[in-house]
Amino acid sequence: MIKKFIVGTLCSLGFSFLLLLIFLSIAIYKLMRPDFAEITPKTVLELKLEHKLQDQPSSREFPLRRTSSLSLRDLIDTLQVASRDPHVEGLVVHLEGATFSGIAQIQELRNAIRAFRKSGKFAIAYNDNFGELSSGMGVYYFASAFDEIWVQPLGALNITGLAAVQPFGRKLLDELGVFPDIETREEYKTAYDFAKEPTMTPANRQQTQEMLASFLRQMVTAIAQERELGESAVLDAVNHAPIFILEKARQEGLIDKIAYKDELYRHLDEKVGEGVNFVEIHKYPFEKTLASKKSDAKIAVVFASGMIVRGTQKSNPFFPSMTMDVEEITNALDQARDDPTIKAIVFRVDSPGGSPLASDRLWHVLKKMREETEKPVIVSMGDVAASGGYWITLPAHKIVANPGTLTGSIGVILGKIASEKFWEKIGIRWDVVQTSPNAAIWSMIHPYTPEEKKWITGMTDYIYEVFIQKVSEGRRLPLNHVRQIAKGHVWTGEQALEWGLVDALGDLNAAIELAKSEAKLSDGEKEAAQVIYLPKPASLLHHFSGLLRGNLAVSEAATQILSGLIPYLFDGIQSWIIAQRKHMWVMSSPKVEH
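Draft legend 1. Looking closely at the overall build of the protein chain. Of regular secondary structure, the protein chain possesses 24 helices and 22 strands. When each of the 594 residues of the protein chain is scored for burial, the buried share is 49%. Working note: accessible area of the protein chain is about 28500 Å², and carbon and sulfur atoms make up 57% of it.

Draft legend 2. Inspection of helix α13 (residues 326-338) at higher detail. If you check α13, its first and last C-alpha atoms are 18 Å apart, about what 13 residues at 1.5 Å a residue would give, namely 18 Å. Within α13 the residues assigned to the buried category are V326, I329, T330, A332, L333 and A336. Looking down the long axis of α13, one finds its buried residues gathered within 160 degrees of arc, a one-sided arrangement. Lining the buried residues of α13 we find β9 (298-305), β10 (307-308), β11 (323-324), β12 (342-351), α14 (356-372) and β20 (530-534). Between a side-chain oxygen at the N-terminus of α13 and the backbone nitrogen of E327 the separation is 3.1 Å; the capping residue is D325.

Draft legend 3. Structural context of unusual backbone geometry. Omega for the bond connecting R185 with E186 falls within 30 degrees of zero, at -10 degrees, which places this linkage in the cis form. Its place among the elements puts E186 in the loop between β6 (179-185) and α7 (193-196). Here the residue pair L534 and P535 is connected by a cis peptide bond, since its omega of -10 degrees sits within 30 degrees of zero. With respect to the helices and strands, the residue P535 is situated in the loop between β20 and α22 (540-549). A positive phi is found at L133, a non-glycine position, where the angle reads about 55 degrees. Inspection of the secondary structure puts L133 in the loop between β3 (122-127) and α5 (137-143). The phi angle at K487 is positive, at roughly 60 degrees, despite the residue not being glycine. Within the secondary structure layout, K487 lies in the loop between α18 (479-485) and β18 (490-492).

Draft legend 4. Geometry of the confidence of the model for the protein chain. In the predicted model, the protein chain carries a mean pLDDT of 84, and 79% of its residues have values of at least 70. Contacts for the low-pLDDT stretch residues 60-68, under 50 throughout, to residues beyond four places or in other chains number 26 contacts. In the predicted structure, residues 315-319 sits below a pLDDT of 50 and forms 18 contacts with residues beyond four places in sequence or in another chain.

Draft legend 5. Focus on a nonpolar patch on the surface. A cluster of nonpolar side chains, contributed by I426, I428 and W430, occupies part of the molecular surface with about 270 Å² of accessible area. Within the element layout of this structure, I428 appears in the loop between α16 (420-425) and α17 (450-475).

Draft legend 6. Just the packing of aromatic side chains, in detail. Applying the stated criterion across every chain, the model contains 11 aromatic pairs. A ring pair is formed by F422 and W423, whose centres lie 5.4 Å apart and whose planes are at 70 degrees; its orientation type is edge-to-face. Linked through ring pairs, F100, F142 and F146 together constitute an aromatic cluster. For the cation-ring pair, K271 lies above F122, with the distance from its terminal atom to the ring centre recorded as 5.1 Å. For the cation-ring pair, K470 lies above W363, with the distance from its terminal atom to the ring centre recorded as 3.0 Å.

Draft legend 7. Quick peek at the side chain of R110. Checked against the element boundaries, R110 lands in helix α4 (residues 103-118). The charged side chain of R110 is buried without a salt bridge, its nearest counter-charge being E226 at 4.6 Å. Not counting residues within four places of it along the chain, the set of residues in contact with R110 comprises Y141, F142, S144, A145, A222 and E226.

Draft legend 8. Representation of the nonpolar core in the model. Counting residues in hydrophobic clusters, the biggest one holds 64 residues, and the most contacted among them are L49, L91, L95, F130, Y140, F142 and L157. Within the second largest apolar cluster, 48 residues are counted, among which are V302, V412, A486 and L534.

Draft legend 9. Layout of the pattern of salt bridges. Tallied over the full model, the rule gives 30 salt bridges. Across the pair D181 and K453 runs a salt bridge, and its minimum N-O distance is 2.7 Å. Here the residue D181 occupies a position in strand β6, and K453 occupies one in helix α17, the gap between them amounting to 272 residues. Residue class for D181 comes out buried when judged on its relative accessible area of 6%.

Draft legend 10. Summary view of the environment of V81. In this fold, V81 is placed in helix α3 (residues 72-82). Since its relative accessible area comes to 3%, V81 is described here as buried.

Draft legend 11. Local environment of empty space enclosed by the protein. Counted under the stated rule, the structure contains three cavities of 30 Å³ or more. Volume-wise, the second largest cavity comes out at about 50 Å³. Together, D55, L72, S101, A104, Q105, E108, R348, D350, G382, D383 and N402 line the second largest cavity. Contributing elements (two or more residues each) for the lining of the second largest cavity: α4, β12 and β14 (377-386). If one sorts the elements of the lining of the second largest cavity by residue count, α4 sits on top with three residues.

Analysis parameters
Residues numbered from 1 in each chain as written. Predicted model: local features only at pLDDT ≥ 70, side-chain atom pairs only at ≥ 80, totals over all residues. Heavy atoms only, no water. Helix = DSSP H or I, 4+ residues; strand = E, 2+ residues; numbered from the N terminus. Buried < 20%, exposed > 50% of the residue type's maximum accessible area, 1.4 Å probe, protein only. Areas by Shrake-Rupley, 256 points an atom, 1.4 Å probe, with all protein chains shown as cover. Expected span 1.5 Å × (residues − 1). Arc of directions from axis to C-beta. Contact = heavy atoms within 4.5 Å. Polar contact = N/O pair within 3.5 Å; in protein donor to acceptor, adjacent residues only side chain to side chain. pLDDT = per-residue confidence, 0-100. Patch = residues over 30% accessible without salt bridge, like charges linked within 9 Å, V, L, I, M, F, W, Y side chains within 5 Å. Salt bridge = Lys/Arg side-chain N within 4 Å of Asp/Glu carboxyl O. Phe/Tyr/Trp six-rings, centres within 6.5 Å; stacked < 30°, edge-to-face > 60°. Lys NZ or Arg CZ within 6 Å of the ring centre and 35° of its normal. Lys, Arg positive; Asp, Glu negative; His and termini not counted. Core = buried A, V, L, I, M, F, W, Y, C linked by side-chain atoms within 4.5 Å. 1 Å grid on protein atoms, 1.4 Å probe; cavity = no way out; pocket = protein on both sides within 12 Å on 5 of 7 lines; lining within 4 Å. Points joined across faces, edges and corners; volume = space filled by probe spheres on them.

Below is the structure:
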């Protein structure tokens, strides 16, 4: 009797488990099934820019990510394909809540919009307000690339220019008993100025002012060209903003229409004709169109995004990582090197730097590739390629930066935040027993002893000298010239071109075209060449199988989900942890209000 009961129970459990597997399989299939729209004549694409766009392409399978998962490259590719689609009449972009990761990203998007318009299709930008108690300069800069700019009545044009806002907490740290024991090379390396200095140093203020001036000059020039205005007129509008009387802005040519959103749709019905088909841009099936393009020649774009850290980073099925996986990128570069159909490599870098060891490893991989293959390696810089993010680009044949890319920051930060006095204030004393003079050098409790300080100073000098030597060799620049433009100074791409730190200005598409030319492809091969992205985004099935195999711990999965739900908090926590636990040099700039 007991035996039958056990057998029956096991059979029931097995059947229940089988049903569960079937249910999960059906659910996963539904989640993975593409949700593309039907593209009919009179189609108008719509985009709501509600989230920051990550640089690296991602899988479009996961429904919870939808529009928020569209990367910068996804969006540009979609617009490129749609520009050739006879069924697509135009594009409407809703800018309420739009935010961008940097000036360079805006520039790449503006280029994509301008190319879309050049194909004969229209592009309209709609916003309820360009900055509500905030700067609308960056969003307006993007909107200026469209045929028409529509604004809701009672909106404002807060194109108030650019401002850099940076906190300084040295006084608070002194009161808490926390001491930043940090070495920097040199005066423009300001990542830890918030802890070291009571206010902005002259060097920090100088480079920040130069950076903002370069950004504003780029914006004013581009806005004037697109709006067919004089640069002085645009600069005058910026200097007299906020502009809250929209009719005045319309008369001055800064915007085109003052209307509510339903009036925009009525306008589109009249413009396109009866039966207009509105399609959200993430539902446009551009992947199928791209897949139909066949060619033996390929250009590989290898993405290196995020802070550079040692060790393998777990893939995140829900949200993009803030750190790059050096192992994964190395494998992607090796794959591109060994594939005979890949004729050139574009190394796309969007990184503020990080671990010297991890950066040097990627530098070595790229240098070795250049020595072992005749394939041209072209770097494309995104929003930022500074410090370690600049280091890893140096072996490339050519470097292409956006005018607004933050790059350079050739310098080093090494040290720690010592908390001994803080613990004493709350009644806790730390003592130490050690076997060797420098055994406790990495402790975050005690400041460096005089002997330890000599070691830290020597190491900082050594890494800085290696960095400068690599820049001199990689960029074929005199050593004295590099010393003058290094010092931890952050440059815009526009400035970096003048100093010889990059070879040309342009976006990722420009870098891809340069790679085709450097590979000596014929005109026919250039036209038909396939562009592939590496590392390939992992599929939803891959993430689920990894979870089932135990590759993704439950606690880690929970952490990743939380990192997406509260990104700003997680960014701060992770940055603080990294700063405490890793000896790194990173590029840092104040928060720019644009």
